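Below are the chains, spelled out letter by letter.
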Amino acid sequence: MKIVIIGAGEVGYHIAKALYQTNDVVIVDLNEEACLRADELDVHVIHGNGANVSILHDALDGAGLLVAVTGSDEVNIVACMASKLTAKGKNKLKTVARVSNPDYIDQPVAKRPQIGIDIMVCPELSLASEVAQILAIPSAIDAEYFAGGKVEMMEFVVPDDHSLVGKHMQDLHLANCCIISALFRDSEVIIPHGEDTIEGNDHIVVIGKPASMKEVRDLFGEKVGKRSKVMIIGGGVVGFYLAKMVAKSEFDLKIIESDKERSAAIAEELPDVLVLNGDGTDINLLKEEGVSDMDVVISVTNSDEKNLLCSLLAKQLGVKKVIARSDRSDYVSLFEMVGVDSAVSPRQATVNEVLKLTFGQGIESITTIEGEKAEIIEYTTSKKSKIVGRPLKNVKFPSGAIVSMVVHNGNTVVPRGEYVIEEGDRVVVFALQSANAEVERLFK
């Protein structure tokens, strides 16, 4: 597929990086440095304004997808609208726009075909929603849902003194309808087999039926019914929407915001939340507000460096779990390396939506994890799918992937070798990026 990307910043660059090996990618940006960086990939780079109709006219020839991800909402919206008009009648062009202003969008992902935008993505709202899911499961550092909520994915860290350390995978007795799909060890992603052993500080990805996951959460010391104390540092779009999402839940919530007017506005909008006007790096303020008693501290300011500093200060003062926003992709692994429990990036939601469109028919959802090394993909099978009608043991499945869960007629199952996938089943697959092309062929 030919794909045109407007904007070569962090989001645009990483979309191009994820797609250029199997697609014809054109990237357009006004910034010369961004263009030089994009030129390192095997893509066609155009230095210019992505909302310029004459540039779009040339770039869109034969294109099937336009992705507008500059830092300006208006440029992204205009680029999509102009592209639909320019490509009208020539081909079925799909458009995706990254939009951050809550005046334009009030949910993480929306469809606006009436104005020429097939998918509108708000990275900040997506990030707030992701962190809210993590907060809902105190013992986990990541959480996602698939198949309309019938399948749940959680990521846990195994402490050095945990009972799981030293055990072989084949000796684990997890609840029914639960499976460990992956181990993250240092920079390695392992799809585990029976003889593999769990080590201290491993990150394990468990996928299962939500009702059965309670046992796994108990295994990691979660206490049901306890009100969690949560502090959010940064009252911008992410911090505000996160507070709004969880304010009515079982949390004692505090927000620290440096801007006085913004603090007053949040306090008025969220009367049940304690809003403090101050600096999240002020160690005296953190101590006065009892940061050491917090269960979770989330730093989501617009500065990666400040988020890291706030998180490390909180950790040093005794906070059990710290979550930090990182806009720069190369900081995510660094944050976690130096002690941040979970580093979250707003760009990932946009990347995932674009990947979903490029994978073709049958993709319901896609989640990229561990710095884009692996993906969890949800497929709906059709009668043409090569995986349908045969026992899984007879399917030549790539070594870098595993069928984790199947939802058949509303029932969630962990498939074994004899299991036969049928048309219309929703199949959740964990796959290394290197195995994606082979997996996709099985579902076509």
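Residues numbered from 1 in each chain as written. Predicted model: local features only at pLDDT ≥ 70, side-chain atom pairs only at ≥ 80, totals over all residues. Heavy atoms only, no water.

(A) Focus on the overall build of the protein chain. When its secondary structure is counted, the protein chain shows 13 helices and 23 strands. Relative to the compact-globule value of 22 Å for 444 residues, the protein chain shows a C-alpha radius of gyration of 22 Å, a close match. Principal-axis analysis of the C-alpha atoms gives the protein chain an extent of 60 × 60 × 35 Å. Counting only residues that meet the buried cut, the protein chain has 54% of its 444 residues in that class. In the protein chain, 59% of the contacts between residues at least 6 apart in sequence involve partners at least 24 apart. Carbon and sulfur atoms form 48% of the exposed surface of the protein chain, whose accessible area is close to 20,000 Å². (Helix = DSSP H or I, 4+ residues; strand = E, 2+ residues; numbered from the N terminus. Rg over C-alpha atoms; globule rule 2.2 N^0.38 Å. Buried < 20%, exposed > 50% of the residue type's maximum accessible area, 1.4 Å probe, protein only. Contact = heavy atoms within 4.5 Å. Areas by Shrake-Rupley, 256 points an atom, 1.4 Å probe, with all protein chains shown as cover.)

(B) Looking closely at the sheet that holds strand E12 (residues 203-208). Pairing in this open sheet of 5 strands is antiparallel, and the strands run E8-E9-E12-E10-E11 from one edge to the other. The two strands at the open ends of the sheet, each matched to only one other strand, are strand E8 (142-146) and strand E11 (188-190). Recorded for the sheet is a direction-independent mean angle of 20 degrees between the axes of neighbouring strands. The sheet contact formed by strand E10 (residues 178-185) and E12 spans 6 bridges and is antiparallel. Paired with Ile 179 across the two strands is Ile 207, which belongs to E12. (Pairing = 2+ DSSP bridges. Axes fitted to C-alpha atoms, helices over the stretch in contact; angles between N-to-C directions.)

(C) Focus on the environment of Ser 72. With respect to the helices, strands and loops of the structure, Ser 72 is situated in the loop between strand E4 (65-68) and helix H4 (73-86). The spatial distance from the C-alpha of Ser 72 to the C-alpha of Leu 60 is 21 Å, given a sequence separation of 12 residues. At 3.2 Å, the side chain of Ser 72 and the backbone nitrogen of Val 75 are in polar contact. (Polar contact = N/O pair within 3.5 Å; in protein donor to acceptor, adjacent residues only side chain to side chain.)

(D) Quick look at helix H5 (residues 123-135). For H5, built from 13 residues, the straight-helix expectation of 18 Å at 1.5 Å per residue is met to within 8% by its first-to-last C-alpha distance of 18 Å. Burial runs high along H5: 11 of the 13 residues are buried. The set of residues buried in H5 consists of Pro 123, Glu 124, Leu 125, Ser 126, Leu 127, Ala 128, Glu 130, Val 131, Ala 132, Ile 134 and Leu 135. (Expected span 1.5 Å × (residues − 1).)

(E) Quick peek at the side chain of Glu 155. Within the fold, Glu 155 resides in strand E9 (residues 151-157). Summary of buried charges: Glu 155 has no salt-bridge partner, and the nearest side chain of opposite charge, Lys 321, is 11 Å away. Here the side chain of Glu 155 touches His 203 through a polar contact of 2.8 Å, side chain to side chain. Non-local contacts of Glu 155, meaning those with residues more than four positions away in its chain, are made with Ala 140, Ile 141, Asp 142, Phe 184, His 203, Ile 204 and Val 205. (Lys, Arg positive; Asp, Glu negative; His and termini not counted. Salt bridge = Lys/Arg side-chain N within 4 Å of Asp/Glu carboxyl O.)

(F) Representation of unusual backbone geometry. If you check the backbone angles, Asn 201 has positive phi at about 75 degrees while not being a glycine. Tracing the chain through its elements places Asn 201 in the loop between E11 and E12. Classification of Asn 201 as exposed rests on a relative accessible area of 51%. For Asn 409, which is not a glycine, the phi torsion comes out positive at approximately 50 degrees. Within the element layout of this structure, Asn 409 appears in the loop between strand E21 (401-408) and strand E22 (411-413).

(G) Region of interest: the environment of Ile 387. By secondary structure assignment, the location of Ile 387 is in the loop between strand E20 (374-380) and E21. Residues Ile 387 and Phe 397 lie 10 residues apart in sequence; the distance between their C-alpha atoms is 9.0 Å. Setting aside residues no more than four positions away along its own chain, Ile 387 makes contact with Thr 381, Leu 392, Val 395, Phe 397, Val 403, Ile 421, Leu 442 and Phe 443.

(H) Up close: the sheet that holds E4. In space, the 7 strands of this open sheet follow the order E3-E2-E1-E4-E5-E7-E6, with mixed pairing throughout. Only two strands of the sheet have a single partner each, and these edge strands are strand E3 (44-47) and strand E6 (109-112). Adjacent strand axes in the sheet meet at a mean angle of 20 degrees, parallel and antiparallel pairs treated alike. Two elements, strand E1 (residues 2-6) and E4, share 4 bridges in a ladder whose sense is parallel. Across the sheet, the residue bridging to Val 4 is Leu 66, located in E4. Across the sheet, H4 touches E1, E4, strand E5 (94-98) and strand E7 (117-121), and the angle it forms with E5 is around 170 degrees.

(I) Focus on the domain arrangement of the protein chain. Domain annotation for the protein chain reports domain 1 (2-121), domain 2 (127-133 + 226-352), domain 3 (143-220) and domain 4 (359-443). Summarising the inter-unit geometry, the C-alpha centres of domain 3 and domain 4 are found 19 Å apart. Taken together, the contact pairs 21 residues of domain 3 with 23 residues of domain 4. Around 1,900 Å² of area is buried between domain 3 and domain 4 when both sides are counted, 75% of it from carbon and sulfur atoms. Broken down residue by residue, the surface that domain 3 buries against domain 4 is led by Phe 146, Val 189 and Ile 191, which jointly contribute 29%. At the boundary of domain 3 and domain 4, one finds 0 salt bridges. When residues of the side of domain 3 that touches domain 4 are traced back to their parent elements, those giving at least two are E8, E9, E10 and E12. (Domains from an automatic or database assignment. Buried area = accessible area lost by both parts, 1.4 Å probe.)

(J) Here's a closer look at the environment of Val 332. If you trace the backbone, Val 332 turns up in helix H11 (residues 329-337). When the C-alpha atoms of Val 332 and Gly 9 are compared, they prove to be 16 Å apart, with 323 residues separating the residues in sequence. Setting aside anything within four residues of it in sequence, one finds Val 332 in contact with Ser 326, Ala 343 and Ser 345.

(K) Structural view of a nonpolar patch on the surface. Taken together, the side chains of Leu 312, Leu 334, Met 337 and Val 338 present a nonpolar region at the surface, about 360 Å² in accessible area. On the secondary structure map, Leu 334 appears in helix H11. Residue classification places Leu 334 among the partly exposed residues on the basis of a relative accessible area of 36%. (Patch = residues over 30% accessible without salt bridge, like charges linked within 9 Å, V, L, I, M, F, W, Y side chains within 5 Å.)

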